[in-house]
Amino acid sequence: MIGLFLRVLDFALPILVMIFVGLVGTSVLVELGLMQKFSKLVSPIFAYTNLPETCASAFVVAIGSSVAANSMLFQEKKENCINDREVVLCSMMNATPAYFRELFTYQIPIVVPALGLAVGGFYSLVFIVTAVFKILVIAVASKLFLKGNSCRAPETRSKEKVSLKTAFKRAFKKELRIFLKIAGVYLIATTIIFVLQDKGAFEIFSVLPLAELFKIPPETIVPLTSYVASPILGISLLGPMIHSGEITNVQAMIVLMLGSMFMLPIFAIRSQLPRKVAIFGTRLGVQIVAYSTTLSIIVRLAVLLLLLGMVS
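The protein chain carries the name Membrane protein, putative in an unreviewed UniProt entry, which gives Methanosarcina lacustris Z-7289 as its organism.

Structure below.
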């Protein structure tokens, strides 16, 4: 039991620090009256959607931290500035800058050298296509399901200038109780996920039957199953097979897409779900994770079908 508690703390504490910084940091920006200015920077992206202006401000924050951006959405929902549908779409939009950020922090420095320019470049392109696809789907969904929202980015509580010290004190006092509530829910949710993992609940995502169905080389089973547990480990094992000619580039791409399709639900349940539930509550948190993960899997499935068409 103590071991489980320590594992949960080791996993959760860095995330909770990010959530706390996001809550307080966003509140400080509100106190200083800067959030309305932020939304103007990304107005072209939102010009053809029905997403509220506060979503544009959160999107700017998401370029640095999606946790901070979602914390901002939570504040707006609490103040009845945005409704549930807007929260879901805005939160999904907040996840898209991470794809472009990872292009320079993960794809180019790690994936491309490990898999080679052809396979690594393909893998990176799939990430970008996923982000663009999500943005387009969110834009269309906002036109279909949202009527428009005049709620603007939050302003300061008064017109007088507020010092940074005063803004921080106000923000800390206002957000501490909210953070403690979020932290409690997050720790409980993370503990449940870890217990389920220890009980083997995620073994239902076995890739072996599907791998046999697609008739990929037997030697790719190890990197494929490793990818589901750890993408970096799977990529590290797959790279030498590509460079030695044991498998073709197309076969490697198929392995990556299969691995991604099975890894995404596990990653969503273990990492994304506790964060979203802690911030938005169970119902909205589950919706956001389910919709976002489904869109990612659809892209992988479409790419996989194209690859299978090339080898058939």
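**Q** Looking at this structure, how should I read the side chain of Thr 293?
**A** Considering the arrangement of structural elements, one finds Thr 293 in helix 14 (residues 282–311). A relative accessible area of 15% places Thr 293 in the buried class. A distance of 2.8 Å separates a polar atom in the side chain of Thr 293 from the backbone oxygen of Val 289.

**Q** Whenever I open this one, the nonpolar core confuses me. Can you help?
**A** Soluble globular proteins tend to pack their nonpolar side chains together in the buried interior. Judged by nonpolar contacts, the single largest core of 42 residues is most densely connected at Ile 19, Phe 46, Leu 51 and Phe 280. Counting only elements with at least two residues in this core, the list comes to helix 1 (2–32), helix 4 (53–62), helix 5 (66–78), helix 6 (84–94), helix 8 (117–145), helix 9 (164–198), helix 13 (249–280) and helix 14. Here the element with the most residues in this core is helix 4; it accounts for seven residues. Other than its neighbours up to four places away in sequence, Leu 51 contacts Phe 46, Leu 89, Cys 90, Met 93, Ile 138, Ser 142 and Leu 146. Listed in part, the 34 residues of the second largest apolar core include Val 111, Leu 115, Tyr 227 and Met 253.

**Q** So what exactly am I meant to see when it comes to the packing of aromatic side chains here?
**A** The geometry of an aromatic ring pair is captured by the separation of the ring centres together with the interplanar angle, meaning the angle of the planes. Overall, the coordinates contain seven aromatic pairs when judged by the stated rule. Both rings, one in Tyr 123 and one in Phe 127, keep their centres 5.4 Å apart while their planes meet at 45 degrees; by these two values the pair is tilted. Here Phe 127 and Tyr 123 lie together in helix 8, a separation of four residues that amounts to about one turn. You can call Tyr 123 buried: its relative accessible area is 2%.

**Q** Any chance you could explain the packing of helix 5 against helix 13 here in plain terms?
**A** Helix-helix packing is described using two parameters, namely the angle between the two axes and the distance between the axes. The N-to-C vectors of helix 5 and helix 13 enclose an angle of 30 degrees; their axes lie 9 Å apart at closest approach. Relative to helix 13, the element helix 5 is oriented roughly parallel. The interaxial crossing formed by helix 5 with helix 13 has right-handed handedness. Facing Val 67, Asn 70, Ser 71, Leu 73 and Phe 74 of helix 5, the residues of helix 13 in contact are Arg 275, Lys 276, Ile 279 and Phe 280. In terms of residue class, the contact of helix 5 with helix 13 is built from five nonpolar, two polar and two charged.

Definitions and limits used
Residues numbered from 1 in each chain as written. Predicted model: local features only at pLDDT ≥ 70, side-chain atom pairs only at ≥ 80, totals over all residues. Heavy atoms only, no water. Helix = DSSP H or I, 4+ residues; strand = E, 2+ residues; numbered from the N terminus. Buried < 20%, exposed > 50% of the residue type's maximum accessible area, 1.4 Å probe, protein only. Polar contact = N/O pair within 3.5 Å; in protein donor to acceptor, adjacent residues only side chain to side chain. Core = buried A, V, L, I, M, F, W, Y, C linked by side-chain atoms within 4.5 Å. Contact = heavy atoms within 4.5 Å. Phe/Tyr/Trp six-rings, centres within 6.5 Å; stacked < 30°, edge-to-face > 60°. Axes fitted to C-alpha atoms, helices over the stretch in contact; angles between N-to-C directions. Parallel < 35°, antiparallel > 145°, perpendicular 65-115°, else oblique. Left-handed = near helix turned anticlockwise from the far one by under 90°. Nonpolar A, V, L, I, M, F, W, Y, C, P; charged D, E, K, R; others polar.

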